[in-house]
Amino acid sequence: MHEFLRRRTFAVISHPDAGKTTLTEKLLLYGGAIHAAGAVRARKNQRAATSDWMELERKRGISITTSVLPFESKGIRFNLLDTPGHQDFSEDTYRTLTAADCAIMLIDAAKGVEEQTKKLFHVCRMRGIPIVTFVNKLDRPARDPFSLMSEIEETLGMRAVPRTWPIGSGERFQGVYELDSDRVLLFDRTAKNASRAPVRVRGIEDAEIDALIGSDAARQLREEIELIREAGDRFDKAVFLQGRISPLFFGSALTSFGVEPFLEAFAELCPPPGPRETSIGRIEASDERFSAFVFKVQANMDPNHRDRVAFIRICSGKFESGMRVHHFRLGKEIRLARAEQLFADERTTIHEAWPGDIVGLHDPGIFRIGDTLTTGTPFTFDAVPRFSPEHFARAVLLDPLKRKQMQKGIEELAEEGALQLFFQPGREKDPIIGVVGQLQFDVFVYRMEHEYGAKISLERLPYVCARWVVGAQSCAELEARRVPMAVTDIDGRPVALFPSEWDLRRVERDNPQWSLLPTAPMHR
């Protein structure tokens, strides 16, 4: 078997508080990557989530940046991309999904499909990423499972095909029935892992089910399973890989119930690395030419060395430490040295990797999000999206002697994608910071002080969106056409900032010769 066929690279998407961090920890636990859910290290009995390695993440109790969490289970190598759950950091999640081959959509059984889940689902739909659904928190009072299925179909336009079915919820939750294997998985509130050994039965009519869960619950279960089998969709893996149906599982990540059988099923459902579209056509994972793209840059993962790490997703060929590749944006050959496998902030030097793997490269300042690295004929992958900021503030340095530290910090955080950087002609020393979510401002100020030694104050600006203007050559040209605020981005391209949708529409109407783009044009 080719090594890449063992790879399963995936992300977990959900609305905040649906239990994403808990499910991630339990997948790592059952995958053998950690020995206690909640931490790799425990200090003074206070455990932090494995994936939340940044100091500010531990202080706030939220995920700020994507973590890479590889683990092996039963011959399969999983690469779990743990993304921030809070909507203020959703841009990092959007970019990370470009590196995933599959996604687990986590839904709160009481709340159903929530707003952030919708946004992330549509990103998966745009990228053609198949989705497996896990309905969480069945140990608490939950909505009717048929209602949840209908909501998935009506809200997301995707059919849900149950692979397991819940037996009650909340205080009456007894377990789940596996439709494919005719097994009953019993829930046990007193057991450490919240489930007893699975019981195999001879179909849904087996009288043993009555003895296991009671006659009333058994009767209701039979009626529901009969309805599913008569009126529901049949699972078809080809249709699933097209993103038109989603296998549906039920469980409780907090109590560990249903997580282990879900991981076993997910290993079969999640596809290995597949073909990717490029500027020269589709390239297969089995292609001998090495190719990869940068989907994330992270500064200061090691506080002692203040280094930068570029995360690359390998798409084809074999990675070998020290190999020489073509850097498409720079138009030159570079050597890939100091390659590492990352588990949150822990690092291990590696010498080879395969399609589907995520590799961390030492970055001396030559990598940006979206960069393509190849051997053979140079080409580039489809652009990694950058979205229009929705909040803007001018960064003002409080100590003029820290100008160099401020400049370095802002440039590095902008290259990470943590913020977008704009300059107003005549006020270049006080750059404008654009972010998708307001909490990113807090992270920016904190990291500037604690990682770069530069104290910053922010002057909030009344703009709500940015548009990259194709067809204009300078800020002066924008100002002459009554653009509310004319700035340039980090590459010197003209950008218009607008305080309202009305202003944006007015400028579009009055300047048909321009194209106003909601995302920055990518180098290709």
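The structure displayed is predicted, hence computed values, not measured ones.

Calculation notes
Within every chain, residues take consecutive numbers counted from 1 along the sequence as written. Note on the predicted model: pLDDT of at least 70 is required for a residue's local features to be given, and 80 or more for side-chain atom pairs to be given and counted; whole-chain, interface and lining totals, by contrast, use all residues. As a rule here, side-chain values cover all heavy atoms of the structure and leave hydrogens and water aside. Only runs of H or I of at least four residues qualify as helices and only runs of E of at least two qualify as strands under DSSP, and these elements are numbered from the N terminus. Note on contacts: a residue pair qualifies if any of its non-hydrogen atoms lie within 4.5 Å across the two residues. Accessibility throughout is a Shrake-Rupley quantity obtained with a 1.4 Å probe, and a residue counts as covered only by protein chains that appear here. To sort residues, take the accessible area from a 1.4 Å probe on protein chains only and compare it with the maximum for the residue type: under 20% means buried, over 50% means exposed, and anything in between is partly exposed. A strand pair is defined by DSSP finding two or more bridges across the two strands. Summarising the geometry, the arc corresponds to the directions from the helix axis toward the C-beta atoms. Here, axes are lines fitted to C-alpha atoms. For helices the fit covers the stretch in contact, and angles between N-to-C directions go from 0 to 180 degrees. For classification purposes, angles smaller than 35 degrees are called roughly parallel, those larger than 145 roughly antiparallel, those between 65 and 115 roughly perpendicular, and all remaining angles oblique. Polar here means any residue other than Ala, Val, Leu, Ile, Met, Phe, Trp, Tyr, Cys and Pro, which are nonpolar, and Asp, Glu, Lys and Arg, which are charged; Gly is therefore polar. Residues adjacent in sequence count toward polar contacts only when both atoms are side-chain atoms; beyond that, a polar contact is any pair of N or O atoms within 3.5 Å, and within protein one must be able to donate a hydrogen and the other to accept it. Cavities and pockets were defined on a 1 Å grid built over protein atoms only: a cavity is a set of grid points that admits a 1.4 Å probe from which the probe cannot escape, a pocket is an open set flanked by protein on both sides within 12 Å along at least five of seven lines, and lining residues are those with an atom within 4 Å of any such point. Grid points are joined across faces, edges and corners, and a volume is the space filled by probe spheres set on the points. Each residue carries a pLDDT score, the predictor's own confidence in it, on a scale running from 0 to 100. Aromatic pairs are defined between Phe, Tyr and Trp rings, using the six-membered ring for Trp, whenever the two ring centres lie within 6.5 Å; interplanar angles under 30 degrees are classed as stacked, those over 60 as edge-to-face, and all others as tilted. Put simply, a charge is over a ring when the Lys NZ or the Arg CZ is close to the ring centre, within 6 Å, and near the line of the ring normal, within 35 degrees.

**Quick notes on the overall build of the protein**
Right, so step 1: Secondary structure summary: the protein contains 13 helices and 33 strands in total.
Right, so step 2: For the protein, contacts bridging at least 24 residues in sequence account for 70% of all contacts bridging at least 6.
Right, so step 3: Looking at the protein as shown, the accessible area adds up to about 22500 Å², and 48% of this sits on carbon and sulfur atoms.

**As for the pairing of strand β9 (residues 164-167)**
Right, so step 1: Where burial is concerned, the two faces of β9 agree: the one with Thr-164 and Pro-166 and the one with Trp-165 and Ile-167 are both buried.
Right, so step 2: The pairing of β9 with strand β10 (residues 175-178) spans four bridges and is classified as antiparallel. Directly across from Ile-167, in β10, lies its bridge partner Gly-175.

**Some details on helix α13 (residues 501-510)**
Right, so step 1: Taken residue by residue, α13 has Asp-503, Leu-504, Arg-506 and Val-507 as its buried positions. Each buried residue of α13 lies within a common arc of 160 degrees when the element is viewed along its axis, so the set occupies one face. Every exposed residue of α13 that faces more than 90 degrees away from the buried side is listed here: Trp-502 and Arg-509.
Right, so step 2: Close packing links the buried residues of α13 with β30 (465-470), β32 (494-498) and β33 (515-517).

**Describing unusual backbone geometry**
Right, so step 1: Even without being glycine, Asp-182 reaches a positive phi, approximately 50 degrees.
Right, so step 2: With respect to the element layout, Asp-182 can be found in the loop between β10 and β11 (183-186).

**A short note on the packing of helix α1 (residues 20-30) against helix α9 (residues 259-269)**
Right, so step 1: Relative orientation of the contacting elements α1 and α9 amounts to 75 degrees, with a least axis distance of 10 Å. Taken together, the axes of α1 and α9 are roughly perpendicular relative to one another. Contacts between α1 and α9 pair Leu-23, Lys-26, Leu-27 and Tyr-30 from the former with Val-259, Glu-260, Phe-262 and Leu-263 from the latter.
Right, so step 2: Looking at the contact of α1 with α9 residue by residue, the classes come out as six nonpolar, no polar and two charged.

**Quick look at the side chain of Ser-291**
Right, so step 1: By secondary structure assignment, the location of Ser-291 is in strand β16 (residues 291-299).
Right, so step 2: You can call Ser-291 buried: its relative accessible area is 0%.
Right, so step 3: Polar side-chain contacts of Ser-291 include one of 2.6 Å to the side chain of Ser-316.
Right, so step 4: What Ser-291 contacts, discounting residues up to four positions off in sequence, is Ile-283, Arg-313, Ile-314, Cys-315, Ser-316, Leu-373, Thr-374, Phe-379 and Phe-381.

**Regarding the pairing of β32**
Within a regular strand, side chains alternate between the sheet's two faces.
Right, so step 1: Judged by how many residues are buried, β32 sits mostly within the fold: five of five residues are covered.
Right, so step 2: Here four bridges tie β30 to β32, and the two strands are oriented antiparallel to one another. Bridge assignment links Cys-465 to a residue of β32, and that residue is Phe-498.
Right, so step 3: Two strands pair when backbone bridges link them, and strand β31 (residues 485-489) and β32 are joined in this way by four bridges, in the antiparallel orientation. In the sheet register, Met-485 faces β32, and the bridge partner there is Leu-497.
Right, so step 4: In this structure, the hairpin formed by β31 and β32 is closed by a connection of four residues, where Gly-492 is found at a positive phi of approximately 80 degrees.

**Comments concerning the layout of surface pockets**
Right, so step 1: Empty space within the second largest pocket amounts to approximately 500 Å³.
Right, so step 2: Contributing to the lining of the second largest pocket are 21 residues, with Asp-101, Arg-127, Gly-128, Pro-275 and Arg-276 lying nearest its centre.
Right, so step 3: Its residues assigned to classes, the lining of the second largest pocket comprises twelve nonpolar, three polar and six charged.

**A word on the confidence of the model for the protein**
Right, so step 1: Mean pLDDT for the protein: 87, with 89% of residues reaching 70 or above.
Right, so step 2: Here residues 39-53 is modelled with pLDDT under 50, and outside its nearest four sequence neighbours on either side it reaches 46 contacts, counting other chains as well.

**As for the sheet that holds strand β8 (residues 159-162)**
What links the strands of a sheet is backbone hydrogen bonding, and the strands pair in either a parallel or an antiparallel sense.
Right, so step 1: One open sheet accounts for seven strands, arranged β4-β5-β1-β6-β7-β13-β8; its pairing is mixed. Each of the sheet's edge strands pairs with one partner strand only, and the pair in question is β4 (67-73) and β8. In this sheet, neighbouring strand axes are inclined to one another by 30 degrees on average, regardless of whether the strands run parallel or antiparallel.
Right, so step 2: Relative to the sheet, helix α5 (residues 145-156) contacts β6 (102-108), β7 (131-136), β8 and β13 (245-250), its axis offset from that of β8 by approximately 150 degrees.

**Concerning the packing of aromatic side chains**
Right, so step 1: Under the definition given, this model contains 18 aromatic pairs.
Right, so step 2: With a centroid separation of 6.2 Å and 85 degrees between ring planes, the pair formed by Phe-10 and Phe-78 is classed as edge-to-face. Of the two residues, Phe-10 is situated in strand β1 (residues 7-13) and Phe-78 in strand β5 (residues 76-82); the sequence distance between them amounts to 68 residues. Across the pair, Phe-78 and Phe-10 agree in class, each one buried.
Right, so step 3: Grouped by ring-pair contacts, the aromatic residues Phe-10, Phe-71, Phe-78, Phe-134, Phe-249, Phe-262 and Phe-266 constitute a single cluster.
Right, so step 4: Positioned above the aromatic ring of Phe-235 is the side chain of Arg-163, whose terminal nitrogen or guanidinium carbon lies 4.8 Å from the ring centre.

**Details of the environment of Leu-361**
Right, so step 1: Relative to the helices and strands, Leu-361 resides in strand β24 (residues 358-362).
Right, so step 2: Judged by its relative accessible area of 2%, Leu-361 falls in the buried class.
Right, so step 3: Here the alpha-carbon distance between Leu-361 and Ser-321, two residues 40 residues apart in the chain, equals 9.8 Å.
Right, so step 4: Among residues more than four places away in sequence, those in contact with Leu-361 are Arg-308, Val-309, Ala-310, Ile-312, Phe-319, Leu-336, Arg-338, Ala-339, Phe-367 and Leu-373.

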